[in-house]
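# Topology and contacts: notes
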Amino acid sequence: MKLGRSVIVIGLALVPLGCAIAPSNDQIASQATAMLQASFKATGQAGLDRLNQDETQRVCSELAPGKAPAKEVAEKIEKLNLATIRYPADGKLLGDWKNGEKIAQEGRGKQFSDDIAGPVGANCYACHQLTPQELSFGTIGPSLYQFAKLRGYGADTQRYAYGKIFNADAFAACSTMPRFGHNQILTEQQIKDVTALLMDPQSPVNK
Amino acid sequence: MPDFPRRGSWLVALLTAVAIPSVLAQGSAVDEIAKYRAALQDGNPAELWEARGEELWKQKRGPRQVSMEQCDLGLGAGVVKGAYARLPRYFADADRVMDLETRLVWCMVAQQGYTEADAKKSPFGNGNARKSDIEALVAYITSESRGVPMNVSLAHPKEAAMYRIGEKMFYFRGGPHDFGCVTCHGEDGKRIRLQDLPNLTKLEGAQKAYTTWPAYRVSQGELRTFQWRLYDCFRQQRFPELLYGSDASIALTMFLARNANGAAFDAPAIKR
């Protein structure tokens, strides 16, 4: 795909547009970066440093819509992100599913308009179905209803669920899901609580 | 003046009462919301913004006490009919690609004598508490393109470059949540909660979305412009605050407007 794009760019560059030559893909990319820096202001908790991409963001921004990255690229991104996952020192991955439900419902947090001392949620329902009681759920991510009932309640599934919430790109490169632990959106306790929402046999998700 | 926020609240109450009793299965809740949206089309308070905008356009205002009727929106001084369907575009007098809102600010400064800070002082209104002149002007000018096919040109090299930069920005993922425009607007048939998301990478989605902004937002009791749409998307993306009329906002607008080419413009619309 990278190669294909370069060929197209070279092709474009050879076609005169009036008297101007079309800028290369790299030129457009660097103009876009500079333009972004000049087009925002730091407000509240959202500084301009948020416009600086890490390697994962940079690579994933090159993808065509709905397309997964090439195998080698995906493996590299997943390895890079897998290395960031920190499991709780006490070894306990499950918190309180009732708190997990509140975190799943909460949409505030990290916006420039949000109180920095206010709640920070995971907003899971924006993209996922979870409990059958909540009808207002989005469909950007898959349904997580009966998450553990379908996959089992064992230690491996717990570890997978915790790790996925901590850093989704470790398991699916360029996932649309935020990396809640890696980017310090949620605390360790909050991740435990959301993991419990998915994994606890008493959670309505598994009813 | 009628009390718009109250009317908005009343409609929201109607939505809550009619559309989402907890006993309904989700499929029928979605159907009910579709019915509610259809019912909204009967009357659009945006007309009040359009009327105020037309007055503001014709009134002698600003330090120089001139009207905006000398403002060239791209089709010649004072020509409003069909102008929005061809924006953004390159303006030689400003040597810059501009969307409608940037152009209005430019005319307010260059012709009416306002300072740029004054012209940009209140781009987004807040019901009756704070009215925005730009929102009203945008409502009027866009209404004069209703039914006109979108026809945005990339003939000028600066227009072509803006389109390509805007495309880059659409796919740019960043911030603490790794979000970009494409996160929510890159696939068919997706929703946030119960809100349908247009796929802006496909012709049909781009056309339907772009041609229905600006819009009267019932939930806010306000007419919202395309600059506001981008501003609030970036807020929810957890980006810093988008500057009004910034080049990034124009580049993205250029990308989306051009992708809507061929579709009849159909706004100001009314949305939840």
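Note that the coordinates shown come from a computational prediction; the quantities given were computed from them, not determined experimentally.

Counting its secondary structure elements, chain B contains eleven helices and eight strands. Each of the 272 residues in chain B was classed as buried or not, and the buried ones make up 46%.

Strand-to-strand pairing in sheets goes through backbone hydrogen bonds, with the strands running parallel or antiparallel. All names here are of chain B. With mixed pairing, three strands are arranged side by side in an open sheet as S6-S5-S8. Each edge of the sheet is formed by a strand with only one pairing partner; in this case those strands are strand S6 (222-224) and strand S8 (269-271). The mean angle between the axes of side-by-side strands here comes to 35°, regardless of whether they run parallel or antiparallel.

The next thing to look at is the confidence of the model for chain B. In this model, chain B carries a mean pLDDT of 90, and residues with pLDDT of at least 70 account for 89%. Both confidence scores are given for the complex: pTM 0.88, ipTM 0.90.

So, on to the domain arrangement of chain B. Here chain B is described as being made up of domain 1 (4-40) and domain 2 (46-271). On a C-alpha basis, the centroid separation for the pair domain 1 of chain B and domain 2 of chain B is 28 Å.

With that out of the way, let us pick up the domain arrangement of chain A. Reports often express the size of an interface as the amount of accessible area lost when the parts come together. All names here are of chain A. Assigned domains of chain A: these are domain 1 (2-77) and domain 2 (97-206). Residue-level contacts link twelve residues of domain 1 with seven residues of domain 2. Residue assignment for the side of domain 1 that touches domain 2 shows that the elements contributing at least two residues are helix H3 (55-60) and helix H4 (71-82). Per element, the largest residue contribution to the side of domain 1 that touches domain 2 is three residues, and it comes from H4. The residue inventory of the side of domain 1 that touches domain 2, partitioned by class, reads eight nonpolar, four polar and no charged.

Moving on, we come to helix H4 (residues 100-110) of chain B. Residue and element names in this part refer to chain B. Burial analysis of H4 places nine of its eleven residues in the buried class, the great majority of the element. Restricting attention to buried positions, one finds in H4 the residues Leu100, Glu101, Thr102, Arg103, Leu104, Val105, Trp106, Cys107 and Met108. Turning to H4, the residues buried within the fold contact strand S1 (89-91), strand S2 (96-98), helix H5 (116-119), helix H6 (133-143), helix H10 (226-236) and helix H11 (247-259).

So, how was this worked out
Residues numbered from 1 in each chain as written. Chains lettered and ligands numbered in written order. Predicted model: local features only at pLDDT ≥ 70, side-chain atom pairs only at ≥ 80, totals over all residues. Helix = DSSP H or I, 4+ residues; strand = E, 2+ residues; numbered from the N terminus. Buried ≥ 20, exposed ≤ 12 C-beta atoms within 10 Å, placed from the backbone. Pairing = 2+ DSSP bridges. Axes fitted to C-alpha atoms, helices over the stretch in contact; angles between N-to-C directions. pLDDT = per-residue confidence, 0-100. Domains from an automatic or database assignment. Contact = placed C-beta atoms within 7 Å. Nonpolar A, V, L, I, M, F, W, Y, C, P; charged D, E, K, R; others polar.

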